[in-house]
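For reference, the chains in residue letters:
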Amino acid sequence: MSDQNNLTFGIGQMNCGSCVGRVEKVLAGIDGVQAAQVNLAAETATVTVDAGFEPATLAAALEQAGYPAELQTYRFSIEKMSCASCVGRVERALAATRGVVSATVNLAQEEAVVQALGATAEEVAQAATSAGYPARQIVDRRDSASRDDKKAEEAAHLRKMTIVAAVLTLPVFVLEMGSHAFPFIHRWVMGTLGMSVSWSVQFVLTTLVMAWPGRQFYRIGFPALLKAAPDMNSLVALGSLAAWGFSTVALFAPTLLPEGTRVVYFEAAAVIVTLILLGRYLEARAKGRTGQAIRKLVGLRPKTASVDRNGEISEIAVEDIVIGDLILVRPGEKIAVDGKVITGASYVDESMISGEPVPVEKAADATVIGGTVNGTGALTFQATAVGGDTMLAQIIRMVEEAQGAKLPIQDLVNKITLWFVPAVMAVALVTFVLWMVFGPDPALSFALVATVAVLIIACPCAMGLATPTSIMVGTGRAAEMGVLFRQGAALQTLSDVQVIALDKTGTLTEGRPELTDLRITEGFEESDVLRLVASVEAMSEHPIAAAIVRRAAQSGQSLAPVDDFASLTGYGVSAEVEGRKILIGAERLMLRDGVELGDAKNFGDELGQVGKTPLYAAIDGRLAAVIAVSDPIKSTTAAAIAQLHDMGLEVAMITGDSRGTADAIATQLGIDTVVAEVLPEGKVEAIGRLEIGGRKVAFVGDGINDAPALATADVGIAIGTGTDVAIEAADVVLMSGDLNGVVNALHISRHTMQNIRQNLFWAFGYNALLIPVAAGVFYPLFGLMLSPALAAGAMALSSVFVLSNALRLRWVKPVTAAQEA
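For the structure given in this document, a descriptive report is provided here. (Residues numbered from 1 in each chain as written. Predicted model: local features only at pLDDT ≥ 70, side-chain atom pairs only at ≥ 80, totals over all residues. Heavy atoms only, no water.)

### Remarks on the pairing of strand β12 (residues 338-344)
Part 1 of the reasoning: In terms of strand pairing, β12 meets strand β17 (residues 379-385) through 6 bridges, oriented antiparallel. Paired with Thr343 across the bridge in β17 is Thr380. (Pairing = 2+ DSSP bridges. Helix = DSSP H or I, 4+ residues; strand = E, 2+ residues; numbered from the N terminus.)

### Focus on helix α23 (residues 659-669)
Part 1 of the reasoning: Turning to α23, its buried residues number three or more, namely Thr661, Ala662, Ala664, Ile665, Ala666 and Leu669.
Part 2 of the reasoning: For α23, the elements touching its buried residues are α21 (600-609), α22 (637-646), β26 (650-654) and β27 (673-675).
Part 3 of the reasoning: Among the residues trailing α23, Gly670 stands out with phi positive, at a value near 75°. (Buried < 20%, exposed > 50% of the residue type's maximum accessible area, 1.4 Å probe, protein only. Contact = heavy atoms within 4.5 Å.)

### Considerations on the sheet that holds strand β14 (residues 360-362)
In a beta sheet, neighbouring strands are held together by backbone hydrogen bonds and run either parallel or antiparallel to one another.
Part 1 of the reasoning: Read across the sheet, 3 strands follow the order β14-β13-β16 without closing on themselves; strand pairing throughout is antiparallel. At either margin of the open sheet sits one strand with a lone partner, and together these are β14 and β16 (373-374).
Part 2 of the reasoning: Where strand β13 (residues 346-349) and β14 come together, 3 bridges link them in antiparallel fashion. Considered in β14, the bridge of Tyr347 is made with Glu361.

### Notes on unusual backbone geometry
Part 1 of the reasoning: A cis amide bond links Asp441 to the next residue, Pro442, at an omega of -10°.
Part 2 of the reasoning: Note on placement: Pro442 falls in the loop between α14 (408-438) and α15 (443-457).
Part 3 of the reasoning: Backbone geometry at Asp564 places phi at a positive 55°, although glycine is not the residue there.
Part 4 of the reasoning: Along the polypeptide, Asp564 turns up in strand β21 (residues 562-568).

### Overview of the pattern of salt bridges
Part 1 of the reasoning: Summed over the entire model, instances satisfying the criterion amount to 15 salt bridges.
Part 2 of the reasoning: A salt bridge links Asp503 to Lys683; the shortest N-O distance between them is 3.1 Å. Here the residue Asp503 occupies a position in the loop between β19 (499-502) and β20 (514-520), and Lys683 occupies one in helix α24 (residues 680-690), the gap between them amounting to 180 residues. This pair shows no difference in class: Asp503 is buried, exactly as Lys683 is.
Part 3 of the reasoning: For Asp528, the salt bridge is made with Arg580, and the minimal N-O distance between the two is 3.2 Å. (Salt bridge = Lys/Arg side-chain N within 4 Å of Asp/Glu carboxyl O.)

### Looking at the sheet that holds strand β5 (residues 72-78)
Part 1 of the reasoning: Pairing is antiparallel across the open sheet formed by 4 strands, whose spatial order is β6-β7-β5-β8. The outermost strands of the open sheet, each flanked by one partner alone, are β6 (100-106) and β8 (135-137). Mean inter-strand twist for the sheet, computed between neighbouring axes without regard to direction, equals 25°.
Part 2 of the reasoning: By the bridge criterion, 6 bridges tie β5 to strand β7 (residues 111-116) in an arrangement that is antiparallel. In the sheet register, Gln72 faces β7, and the bridge partner there is Ala116.
Part 3 of the reasoning: Across the sheet, helix α4 (residues 121-130) is in contact with β5, β6, β7 and β8; its angle to β5 comes to roughly 35°. (Axes fitted to C-alpha atoms, helices over the stretch in contact; angles between N-to-C directions.)

Structure, rendered in structure tokens:
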């Protein structure tokens, strides 16, 4: 068996010889696998497969067995794609390559993302190139930047060719159409040039238009036709050449034509080429704008930074910074990479990353993010992540992956457009035959006009651009609002969600306890009680103790020395401070030590009923204070839940906290459904119950214990301030730490899907309506025929409309204005 039938790839999570046996058994059981050899040391497998083997079945089998195959992901720029049918052909060519598991092609970006097992980038690129669409791998953002430069050059070239074509076409249009529309032009032409010279001038100018600015249509369209894979270029080439060919025969060999059919359509051929060039130029300009969000993100990165190495400060390129470097940031400068502040204090504008407009205070031990802007202070920080590991690089990667995604709705579009061009050619042929058989004299002229109009107007460009352009602009705008779609398909799924399930701690609440109530009893001073209680609690590591100490620090209290500290398990703590006996704990501690609670017990019970934890403090045997500690609800939570209700969504809370606390918070916030006292697996079961009846559920969480629920829900939304585990399990990441991001994610998702549906309705409706018009269905009723020149204009307008409509997403406003920088 040749190497062409061998696949070598990495396998994860193998750690012993028994794993090797299990993996080999799984591989041997897959249809089409002839032999399998697994290497534990290299963590690789080599399989010999039948011709036409589907690598996706192998990847799925290994994933199910718990030993996932390590897929290589390649990104390519693809040239010479002009319409949706090109997308289908490139995807088929890539998918047929040995080792390719999946291939997604994006017409708007002119890119392909390929996942492969054992296939090299060169092999994959060669497959697309051999199909007539040259491919080049994008290795890093510099490759992408050079590709952007190339797109700009292409747009400039199209602009130049459009101007040349227009200059050459204008005399042809005036000579022919001007003569038809205005009698004085006809008289002038006949009296000065004569019909023969006028037609000869039109022939020369039209031939120049087709051979110079328009040659790309013929250079690409006819080879595609010969390969039985016609595309939009083929339609334009056939239509314009048919008009030019008939006119040339009419001019130079009129005896070959039937009596009464000697007319020319040079202006149609010239105008077709010119208008389609104009459409492509406008399309290229609009495509450039769709990727603006990525370019903005890339532009956030500074090029150089001041680095302190061995006591010497020098300006070096950001690419040369390594982990551990000390970096100096002056006021107003951009922070080069992610790091941890060593010295200095400042406020940093992180709005371009999180969407939060308020600058964040930074001091020693605080983390800083590359690309954010320092305020008026100076900072020295140590680099903790560089290159592709920085948060900004990861955000760029997420946005790119989301923009290149293929939504479920796109599959239907691709299936239709793959057969669209051949179907149009068949319709054009039927149109020609019907006009020749049933049309009035001169039948040949009518048949030619109708056939060329059908070929020209039925452009599948708008269909191919309808979805990817909206995805690119929508996900880019979402990133500017602090919403990152890690999975592109989540953009569509989120728009259909009916239930939003929320974790409590860290999602609805701040995620750490705070002292919320402090009632002092008669005979005591608040400042004195707080100082004494905080002094004792400073000896404890409990989160509630930390909340009390934080409140004392905020009040400017200095702590006193503590003697005889004791932690009383299940009760609280005791100690002696400045010769005074201090007791802090639950009601049962006060009862045990004979401390009278009196009316304070009623107040404590009220606090417990609203989800707070009541504590009592006694000094020298007398009750001094009732203290309430709770995890406070974020200030933005209530408004965000009200917005979710306004959007027609049911809101549920799923938490491991007590039923009483959960019910109290749900009542306060107006949450519809509460599931409390559940472990992580219980959250998964709760989501399953919410999905009964086919409802789609999005789950929002931030902790490690939320990861299973995030992965199980139809859409998992992670709060960006949460754990890495939660973020990895989610489909959508919110850079801000509150629920406003959820509202904005739903808002941009719905707007984007609405935009896609508008585009598809226009693209398909346009063709469904105008192809019959071009074929001449209105001629028997009204005597109307669609000019091929008008067909070319309408076709160009279709693509421009779709792109312009997608670009409207750039101005979608966040529902909560505070989210936008």
